[in-house]
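Summary of structural features
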Amino acid sequence: MRAQQGNRFFFNVDWVTILIYVALCAIGFVNIFASIYNPENSAVFNFGSSYGRQLIFIITALVLGFTILLLDAQFFSVFSPIIYGGTIFLLFMVLVIGNKVAGNQAWIAIGSFKLQPAEFAKFGTALLLSRYISSFSPKFTEIKSIFFAAIIIGVPLLFIMLQPDTGSALVFLSFMFPLYREGLSGYFLLIFLGMIVLFVADFLLPIYLIILIILGIGGFFMYQNRKRQKVLFTVILATIIAIAYLFTVKLIYENVLQQHQRTRIEIMLGLKTDPKGAGYNVIQSKIAIGSGQAFGRGFLEGTQTKYGYVPEQSTDFIFSTIGEEWGFLGCFVVIGLYIFLLLRVINLAERQRSSFSRVYGYCVASIIFFHVFINIGMTIGIIPVIGIPLPFISYGGSSLWSFTVLLFIFLKLDSNRMGFI
Amino acid sequence: MENLFNRKYTIQALFIIVALILLGKLFYIQVVSDKYFLSAESNVLRKIYTFPARGVIFDRKGKVLVQNEPVYDLMVIPNQVKSFDTLELCRIIGIDMPGFYKRFHKATVQSRYQPTVFEKQLSVEIYASLQEKLSRFPGFLVQNRTVRNYPDSIAGQFFGYVKEVTQKDIDDNEGYYRPGDYIGKAGIERQYNDVLRGERGVTNMLYDARNVPQGSYSDGKLDTLARSGEKVYSSLDIEVQKLGEQLMKNKVGSIVAIEPSTGEVLAFVSSPGYDPNIMVGKGYNKNYMGLLAEPNRPLNVRPISGYYSPGSSFKPVDALIGLQEGVIDPDMTFNCPGYYWAGNHKVKCEHVDGNVALRRGLARSCNTYACNVFTKLMTQKRFKNQKLAYSDWEAKVRKFGLGAPLDIDMPFERKGTLFTSNEYTKRFGKYWGYTTVISLAIGQGEMAATPLQMANIMAIIANRGYYVKPHLIKAIGDKKVIKKEYVQKNYVDIEARHFEPVIDGMQEAVNSPWGTAVLSRLPNIIMCGKTGTVQNPHGKNHSVFIGFAPRDNPKIAIAVIVENAGFGSTYAAPIASYMAEKYLTDSISGYRKAQVEWMKKQVVLPEQPKPKIKLMPKNTDSAGKSNPTAPVATANKIADKPKPIATR
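Keep in mind that what you see is a predicted model, and the values were worked out from it rather than measured.

Looking only at helices and strands, chain A features 17 helices and three strands. Counting all 421 residues of chain A, 44% fall into the buried class. A separation of at least 24 residues holds for 70% of the contacts in chain A among residues at least 6 apart in sequence.

This is the structure we're talking about:
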């Protein structure tokens, strides 16, 4: 019976996803090696260097991943409140005993090893959210359900905001996608999109012009729905809220955001260029990626990479190494792998019998998607500089392990899709 | 309620759309635009230049006239500067603290990461004391390069000067020059700049983000070594040149000496001169302004830009044309009553010699004789009118190199003056004839020539009918390349036999007791020449002498002009004789040595014109000249009563 179970285990695991996962890790290792590579000191492979450590991280991550596959699938559902509680505790601890790095209190140092609890909070939250939905079958047309979901997402979000780590906090917005899949109105997505559009417009256009546009659009819908009182009321309310939001944004932007965040946003919107200061990262990153041209300069041939023109190149800006040394072709392959992974995870999620597995699958896809989009968008200057890693590729143990755990829990759940949780 | 399962497609579609947005932007910055690629190159690639040494210039005997001397530029890389003892650095290089901050600020503005010049051209001594302590001044380094050094301190106008390129030079030369390069701005340094400048060396270096060099670009395949400028052999004889400058000291004027057979310029004296070394290095600006402000304009290159009526020295040319046209023959005489009437013009003659033939006419510089010849030329029967006769004459005179630049290898040569008949018509109206322009016969009126042109006329007569374009550089490079135009003979279309009688007259002018320049006669060498006392509308007459020596197989043709010095025989002729003797015999014989010394001491300066530029008083003697006001008083006295030079 046990042997049979073992066979089923290997038969049921989605090896395609694992293959993509290994491919991305390998790409990460190669490019970390390239971005650390120093032409004068390249003779020996060195475990003390970043790429050496990354290799250790990859091996331990694989061990961790397969350990997860050996656990009982029910474990995650059952222990999700405890895991969630544990990550909240770590988030709390980091505020108390954490190390301040560049103004952010995000790390707990354990010996020479640094732990970043925000990375683990993501799958903790994903697990509890899945558990909530599978256990209570909430209807997301009801305010009560939305409220509970918001609490689950909001608590870790709050702690992360306190660090403050805007990048990780933003990733928590990705939970909108599983909620949307489970019945949250599409309007939330639209409102969210509208908020972003208004936010950007706030900087680019004079405020009276935006108000005029809002009133114009609002007026059009009011005229269309002049017979239907209830809809008309909603449209009027929406118009008022939109205008109020506009002013709130200005207010928050000027009083709540920190200077470096303001600068990053202004640089991203092209309002400000500061090649030696805050814009330096993005400019150098764009130069590196752009200089790769269609087919790249080749492995270890990227001058920008080799000579350290892009800061943070092995972690947040690892994509610039890929862009420079492998060109558009390399970028296409990497983005293609991610999209293939995301679409596959969504498809796997949809074939789950249990809603726990399905919701969790959507969480996994959404979190990875947010990371990929924000990270790559940042390196090519379509998103402000937000320090979050590129999943499986960026240098760093916390990030690699948490993404591995995130993904492999789903693979475990998927391999067990015939069973009951 | 809609089927929630379909929401899967919405989410998947969103993922794909976002991926396409990312890929679109990537396609733009990687494939469509090459802006980023170029920025990447400029990020890592630095061109390090090494400056070439300029070419060395030799004199005709192989002596070095210009060499290169190492100087040291103190450079600074602002972002590598750490706190250090600024006072000590200031003390070593001799600047004050405000000067230090000014320089540092300037360098910082130019570039934080690249070496920028902090203090230019430190001397060897300062460099030595700085070198020991350089490690105490992080961010400072020394770059060595070379500047010009002129060991004999002579011939300033001949050399011209070298200067750092201006933005205009950079623009004009379409990117050949970079800031900090040197370019010849005047004289030979300018004329032969392309030959002398050499080629900059370049090393393509890769730099990392912290501005640390990371090795050469593509293994140095594109790197080049600096190549020094070519050697240039000048035709000057440095000893003769030196003598000429000494003789012309405290006088204003020119000496041009040419080797007739080759057209090589042996001496090129422009007085007042200056020491070319003052145009090198830090004092350049101050010294240049000082020279600019001097009343006698030492920056003028008089041998090629000074305009003088040739005066009596033109008479041989007129006589030669007369002989060639057949209007006179050597034995034809004209009566000289001491004047010549041309219509209602009276041309005075200095003496009453009775019947004068060609030989005596030239030896005594008889105006009447010259006017008769000119009249005969202008009234030849074969021309319908005198204007046509004039045009014919003018064309023949032009063959002697008058009225057009001789294309010497020196910038800013002027062409002189010689009117065409149309120009005369414009000036005098339809009705003019030989009587109107009779002063041309004696080299006055609408005729002006540069000293170079006058010397060239002598070369033509010495060669009996041709000249080679005068030039200052006789060969270029190790292979001693000579320009083609400088070996070609230009004939003046006068038969060789006509020269002998003219030369006879010029020989008498110097060598017979009744000659005008008899006091300048050379022992053992027959010099032929012609004095001129040139009327000067601005002041005292100019003293002019042109001649060549020896009579047979001439080796030197010479023109000497001393401004405001009166008769040609007083200053110009003796100076020419010393120059010729020095060149031909390499020394000055016995009793004449004293005359040379006497001549060197003479001060003949024109009355000081009002300075064109107001200057601060301390600049007047910056060029090493004495205060000009004092000598002027003595100069006038001497010029008033020219002393006999010495007795034989």
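As a further point, take the overall build of chain B. In terms of regular secondary structure, chain B is built from 22 helices and 24 strands. Per-residue burial for chain B yields a buried fraction of 42% across its 648 residues. For chain B, the share of sequence-separated contacts (at least 6 apart) that also reach a separation of at least 24 residues comes to 72%.

Turning next to the sheet that holds strand 23 (residues 542–549) of chain B. Residues and elements named next belong to chain B. Strand order in the open sheet formed by five strands is 12-11-24-23-22, and the pairing between neighbours is antiparallel. Looking along the sheet, the strands with just one partner apiece sit at the ends: strand 12 (264–271) and strand 22 (528–534). Sheet twist, expressed as the average angle between the axes of neighbouring strands with direction ignored, equals 5°. Note that strand 11 (residues 253–259) and strand 12 share seven bridges and pair antiparallel. Across the sheet, Ile-258 pairs through a bridge with Val-265, a residue of strand 12. Sheet strands touched by helix 19 (residues 499–511): strand 22 and strand 23. Its angle to strand 22, the strand with the most contacts, is close to 70°. In the packing of helix 20 (residues 572–585) onto the sheet, contacts are made with strand 11, strand 12, strand 22, strand 23 and strand 24 (556–562), and the angle to strand 24 comes to roughly 145°.

With 31 residues of chain B in contact, the opposing surface of chain A contributes 35 residues. Broken down by secondary-structure element, the contributors of at least two residues to the side of chain B that touches chain A are helix 1 (7–32), helix 2 (35–44) and strand 8 (201–207) of chain B. A total of 16 residues in the side of chain B that touches chain A trace back to one element, the largest contributor, which is helix 1 of chain B. Split into classes, the residues belonging to the side of chain B that touches chain A amount to 20 nonpolar, six polar and five charged.

Right, let's talk about the nonpolar core for a bit. Core analysis: the largest hydrophobic core is formed by 138 residues, its most contacted members being B:Val256, B:Ala257, B:Ala455, B:Met458, B:Ile558, B:Ile575 and B:Met579. With nine residues, helix 18 (residues 451–462) of chain B is the largest single contributor of residues to this core. Taken domain by domain, this core gets at least three of its residues from each of domain 2 (46–233) and domain 3 (238–640) of chain B. With residues near it in sequence (within four places) discarded, B:Met458 still touches B:Ile546, B:Gly547, B:Phe548, B:Ala557, B:Ile558 and B:Ala559. By size, the runner-up hydrophobic cluster in this structure holds 112 residues, among which are A:Tyr132, A:Leu348, A:Tyr360 and B:Ile11.

Turning our attention to unusual backbone geometry. In this model, B:Ser271 is joined to B:Pro272 through a cis peptide bond whose omega is 0°. Along the chain, B:Pro272 turns up in the loop between strand 12 and helix 11 (284–293). A positive phi angle, near 40°, is found at A:Ser137, a position not held by glycine. Of note, A:Ser137 is situated in the loop between helix 5 (117–136) and helix 6 (143–162). You can call A:Ser137 exposed: it has 10 C-beta atoms within 10 Å. Phi at A:Gln293 takes a positive value of approximately 50°, unusual for a residue other than glycine.

Residues and elements named next belong to chain B. Two elements in contact, helix 13 (residues 315–325) and helix 19, have axes separated by 9 Å at closest approach and are oriented at 155°. As judged from the angle between their axes, helix 13 and helix 19 are roughly antiparallel. For the pair helix 13 and helix 19, the sense of crossing is right-handed. Facing Pro-316, Ala-319 and Leu-320 of helix 13, the residues of helix 19 in contact are Phe-499, Val-502 and Met-506. Considering only residue class, the contact of helix 13 with helix 19 consists of six nonpolar, no polar and no charged.

Conventions used here
- Residues numbered from 1 in each chain as written.
- Chains lettered and ligands numbered in written order.
- Predicted model: local features only at pLDDT ≥ 70, side-chain atom pairs only at ≥ 80, totals over all residues.
- Helix = DSSP H or I, 4+ residues; strand = E, 2+ residues; numbered from the N terminus.
- Buried ≥ 20, exposed ≤ 12 C-beta atoms within 10 Å, placed from the backbone.
- Contact = placed C-beta atoms within 7 Å.
- Pairing = 2+ DSSP bridges.
- Axes fitted to C-alpha atoms, helices over the stretch in contact; angles between N-to-C directions.
- Nonpolar A, V, L, I, M, F, W, Y, C, P; charged D, E, K, R; others polar.
- Core = buried A, V, L, I, M, F, W, Y, C linked by C-beta atoms within 7 Å.
- Domains from an automatic or database assignment.
- Parallel < 35°, antiparallel > 145°, perpendicular 65-115°, else oblique.
- Left-handed = near helix turned anticlockwise from the far one by under 90°.

Function cannot be read off these values alone, since they describe shape.
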